[in-house]
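# Report on the structure
Residue strings, one per chain:
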Amino acid sequence: MRDFILKRAAALILPFIFVYGIYVILHGAVSPGGSFAGGIIVGLSFVAFATIYGIEKGKAKLPEQVLVWTESYGTLWYGLMGMVGLGRGVPFLANKLAGVDLGTPGTLASGGLIPLIGLGVGIRVASTIVTLFFTMMEEES
Amino acid sequence: MTALLRANLPVLVVIAPLFIAFILTPLARRIRLVETLAFLATVLGLGAAGHLATVVFARRGSPFIYQLGGWPPPWGIELVAGNLGVIFALVVTGVSVPVVLFARGNLTAEVGDTGRVTRFYVLYLLLVGALAGMAVTNDLFNIYVLVEVVTLSCCGLVSARRHPRAAEAAFTYLILATLGSAFVLGGIGLIYMLTGHLNMGFAGQELGRVWPDYPHTVLLAVSFVIIGFGVKAAVFPLHVWLPDAHATAPSPASAILSGLAVKGYLLCLLKFLYGVFGGVLLRELAVHRILTLLGVAGIIAGSLLALTQEELKRRLAYSTVAQVGYLVLGGGLLNATGLTGALFYLASHAVIKATLFLAAGAIQAATGKSRIRELAGVGRKMPLTMAAFTIGSCGLIGLPLFFGFIGKWYLLVGSLEAGMILPVVAILAGSVLCAAYLLPVIRTAYFRPAPAVAWRDPGRPQKLALLLLATAVVVLGVRPGPFLELARKAAAELMAFV
């Protein structure tokens with residue numbers, strides 16, 4: 001009962017922090033920030049959740065297996081996006097050369113593959129942050 | 001399909017091990033699959049490097065240039081697979097295959113449960129991929145990133161062993177290596193500040209034009225680069241972290257750290273000194289004299305320190321400090337013969353040190369003893385392991401018809417060509433000292449009576465790995481022809497900047 005206010009406030013704020021992290025990741029190509037910063041924001045929203053509601057609930061939300069998967073496959077996703085170029089007969093990590101439509105400059109969809117690559121990096125960074133936090137909490141207890 | 005592969009070879013050498021590293025962690029429960037995948041990754045890397053070598057050979061000297069993302073050089077990251085890149089990529093991928101074979105089913109005692117073993121393989125593949133990247137990259141910041149990947153995976157590999165000493169060694173290594181990274185980054189920053197380029201070719205050209213205007217900044221950049229890579233490559237006075245780290249790591253990790261990781265930094269140092277700073281600047285700042293002196297000091301001091309070690313793996317680790325001395329010395333001679341010798345010796349030492357460390361690891365695992373005088377009679381109980389160790393020792397001493405001989409010979413001739421007598425003395429003394437610290441091991445193992453215990457050669461994959469490496473030491477020693485040609489062409493590539 002003691003931390004009722006904290007929990008209520010967190011329930012209101014945390015979803016917005018999470019969505020803001022996704023926003024920063026996806027806007028990496030057109031605005032400051034990017035997948036690394038955004039990934040940390042997403043990760044920190046889970047860290048805050050685990051600190052406020054307790055580690056057990058945090059771990060129930062993001063089980064270790066999920067963290068292992070997102071960590072590995074987030075990075076692999078980056079590599080696969082790089083392979084798009086190879087499939088089209090142009091170099092690794094090619095973007096416009098690979099025939100991806102770059103859209104109108106300045107708009108959200110003007111990065112070609114970059115937001116997709118950023119998504120992989122963001123997911124990886126987020127899960128790394130959460131893993132680091134869980135590991136440190138385990139060592140303390 | 002083959003055309004597609006062929007067009008992307010320089011990047012495939014790097015990303016093949018990296019990709020497979022990323023899928024290993026979720027498979028931790030199926031350890032056999034992890035081991036097989038890791039083995040396949042190194043074999044794929046070797047295949048790609050071999051194919052790259054044939055492609056570059058067929059191009060007769062003009063390097064295979066690959067632009068990541070299709071961005072041309074001053075802006076994008078450029079991979080250049082010339083003879084220098086090819087020789088190092090071949091060494092890295094070639095040594096990584098037997099080492100991963102040796103690790104197969106053999107890590108539980110040293111590393112722990114399947115989760116930890118999987119992590120070991122992930123770090124191992126990241127290390128191999130990053131080293132292959134060092135071979136082909138032509139971008140300063142790219143080199144920094146690869147240096148960091150190599151450093152962190154090395155620290156992870158050292159701490160993989162469940163032993164308090166391993167944790168301590170890894171921590172010391174982490175601190176000193178991070179300091180080294182900071183120096184490297186500082187050097188790269190200064191070069192970028194002076195030239196406005198991160199591409200090595202462009203930075204080198206621009207630096208050649210502007211350095212008289214900024215003599216002090218250039219001096220600072222050169223010293224940062226030498227100190228940074230010197231710490232990481234364990235060049236003599238900066239070697240303090242190496243013996244602990246390499247002696248306490250799990251044996252396959254020791255083999256790859258001593259055999260390859262240290263060489264990666266030396267290759268980067270050579271690329272910086274020749275490709276970016278250039279021969280004129282090196283002569284002007286007397287960098288080549290400093291390198292020669294560091295090399296001489298390293299050979300003598302490393303060998304003497306190795307002589308005083310009681311533990312087998314520590315003796316081998318100090319021996320690495322001495323062998324790094326040869327390579328630094330070769331880099332400082334500033335002539336084609338010396339460089340050929342250094343590059344050839346780089347390859348020989350990678351193979352030989354991997355053989356020695358794996359054999360030492362097998363002996364330690366079977367007998368549970370690490371001190372040399374406790375190893376009486378090992379030669380008769382573990383014939384194959386000790387035979388591999390003996391062949392490796394002969395190579396490291398530099399006996400003719402073994403892999404180490406040609407490299408040392410070229411270094412010797414190169415020193416004479418440069419008109420310097422001190423390196424000649426150091427190279428010869430180094431060989432004698434090397435015999436002095438390795439032959440007693442062999443004598444104890446073969447000619448002292450064995451205690452009545454059942455020590456046995458390791459399992460089949462381990463035997464195969466030792467056999468492969470020992471065969472390479474002999475075959476490449478007897479027929480060094482094509483490899484020597486490759487080393488000579490690679491040296492010529494570097495000498496073009498002098």
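Remember, it's a predicted structure, so these values are computed and weren't measured experimentally. (Residues numbered from 1 in each chain as written. Chains lettered and ligands numbered in written order. Predicted model: local features only at pLDDT ≥ 70, side-chain atom pairs only at ≥ 80, totals over all residues.)

The secondary structure content of chain A amounts to five helices and zero strands. Taken along its principal axes, the extent of the C-alpha atoms in chain A is 60 × 30 × 20 Å. Relative to its full complement of 141 residues, chain A shows a buried share of 37%. Counted over contacts in chain A with a minimum sequence separation of 6, partners at least 24 positions apart contribute 64%. (Helix = DSSP H or I, 4+ residues; strand = E, 2+ residues; numbered from the N terminus. Buried ≥ 20, exposed ≤ 12 C-beta atoms within 10 Å, placed from the backbone. Contact = placed C-beta atoms within 7 Å.)

Looking now at the pairing of strand 1 (residues 64–67) of chain B. All names here are of chain B. The two faces of strand 1 differ: Phe64 and Tyr66 on one face are buried, but Ile65 and Gln67 on the other face are not. Pairing of strand 1 with strand 2 (residues 78–81), which is carried by four bridges, proceeds in the antiparallel orientation. Bridging across to strand 2, Ile65 finds its partner in Val80. (Pairing = 2+ DSSP bridges.)

Turning to the interface of chain B and chain A, a few remarks are in order. On the side of chain A, 16 residues touch chain B, which itself brings 14 residues to the contact. Where the side of chain B that touches chain A is concerned, the elements lending two or more residues are helix 2 (9–24) and strand 1 of chain B. Top element by residues in the side of chain B that touches chain A is helix 2 of chain B. It accounts for five residues. The residue inventory of the side of chain B that touches chain A, partitioned by class, reads nine nonpolar, five polar and no charged. (Nonpolar A, V, L, I, M, F, W, Y, C, P; charged D, E, K, R; others polar.)

Residue and element names in this part refer to chain B. With domains assigned, chain B is organised as domain 1 (1–136), domain 2 (141–285) and domain 3 (295–498). For domain 2 and domain 3, the distance between their C-alpha centres works out to 23 Å. The interface is formed by 27 residues belonging to domain 2 together with 28 residues belonging to domain 3. Only helix 10 (242–248) and helix 11 (251–284) provide two or more residues apiece to the side of domain 2 that touches domain 3. Considering each element in turn, the side of domain 2 that touches domain 3 owes the most residues, 17 residues, to helix 11. Considering only residue class, the side of domain 2 that touches domain 3 consists of 16 nonpolar, 10 polar and one charged. (Domains from an automatic or database assignment.)

Residue and element names in this part refer to chain B. It is at 8 Å that the axes of helix 2 and helix 5 (residues 114–136) come closest, and there the two elements cross at 165°. Judged on the interaxial angle alone, helix 5 and helix 2 are roughly antiparallel. Along this stretch, helix 2 crosses helix 5, giving a crossing that reads as left-handed. Contacts between helix 2 and helix 5 involve Pro10, Val13, Val14, Ile15, Pro17, Leu18, Ile20, Ala21 and Leu24 from the former and Thr118, Tyr121, Val122, Leu125, Leu126, Val128, Gly129, Ala132, Gly133 and Val136 from the latter. Class assignment of the residues belonging to the contact of helix 2 with helix 5 gives a composition of 16 nonpolar, three polar and no charged. (Axes fitted to C-alpha atoms, helices over the stretch in contact; angles between N-to-C directions. Parallel < 35°, antiparallel > 145°, perpendicular 65-115°, else oblique. Left-handed = near helix turned anticlockwise from the far one by under 90°.)

All names here are of chain B. All of the buried residues in helix 17 (residues 403–417) are Phe403, Gly404, Phe405, Ile406, Gly407, Lys408, Tyr410, Leu411, Gly414 and Ser415. Close packing links the buried residues of helix 17 with helix 13 (312–332), helix 14 (336–367), helix 16 (383–397), helix 18 (422–447), helix 19 (460–478) and helix 20 (481–495). Gly419 sits one or two residues past helix 17 and shows a positive phi near 70°.

Let us now look at the environment of Val122(B). Residues and elements named next belong to chain B. Note that Val122 resides in helix 5. Taking the C-alpha atoms as reference points, Val122 and Ile421, separated by 299 residues in sequence, lie 46 Å from one another. Ignoring anything within four residues of it in the chain, the contact list for Val122 reads Ala21, Leu24 and Thr25.

Further remarks concern the confidence of the model for chain B. Confidence along chain B averages 92 in pLDDT terms, with 100% of residues attaining 70 or more. As a predicted assembly, this complex carries a pTM of 0.94 together with an ipTM value of 0.89. (pLDDT = per-residue confidence, 0-100.)

A word on unusual backbone geometry. Phi at Leu93(A) takes a positive value of approximately 70°, unusual for a residue other than glycine. Position of Leu93(A) among the secondary structure elements: in the loop between helix 4 (64–87) and helix 5 (114–140). Even without being glycine, Leu401(B) reaches a positive phi, approximately 75°. Relative to the helices and strands, Leu401(B) is located in the loop between helix 16 and helix 17.

Residue and element names in this part refer to chain B. Topologically, Gly295 is positioned in helix 12 (residues 287–307). On a C-alpha basis, the gap between Gly295 and Ala322 in space is 8.3 Å, while along the polypeptide they are 27 residues apart. Contact partners of Gly295, with chain neighbours within four places excluded, come to Gly325, Tyr326, Val328, Leu329 and Gly332.

Let us look at the packing of helix 14 of chain B against helix 19 of chain B. Axis angle and axis distance: for two packed helices, these are the angle between their axes and the distance between the axes, and together they describe the pair. All names here are of chain B. Orientation of helix 14 relative to helix 19, taken along the N-to-C sense of each, is 150°, at an axis distance of 9 Å. As the angle between them shows, helix 14 and helix 19 are arranged roughly antiparallel. Handedness of the helix 14/helix 19 crossing: left-handed. Within the contact between the two elements, helix 14 uses Val351, Ile352, Ala354, Thr355, Leu358, Ala359 and Ala362 and helix 19 uses Gln462, Ala465, Leu466, Leu469, Ala470, Ala472 and Val473. Per-class residue counts for the contact of helix 14 with helix 19 are 12 nonpolar, two polar and no charged.

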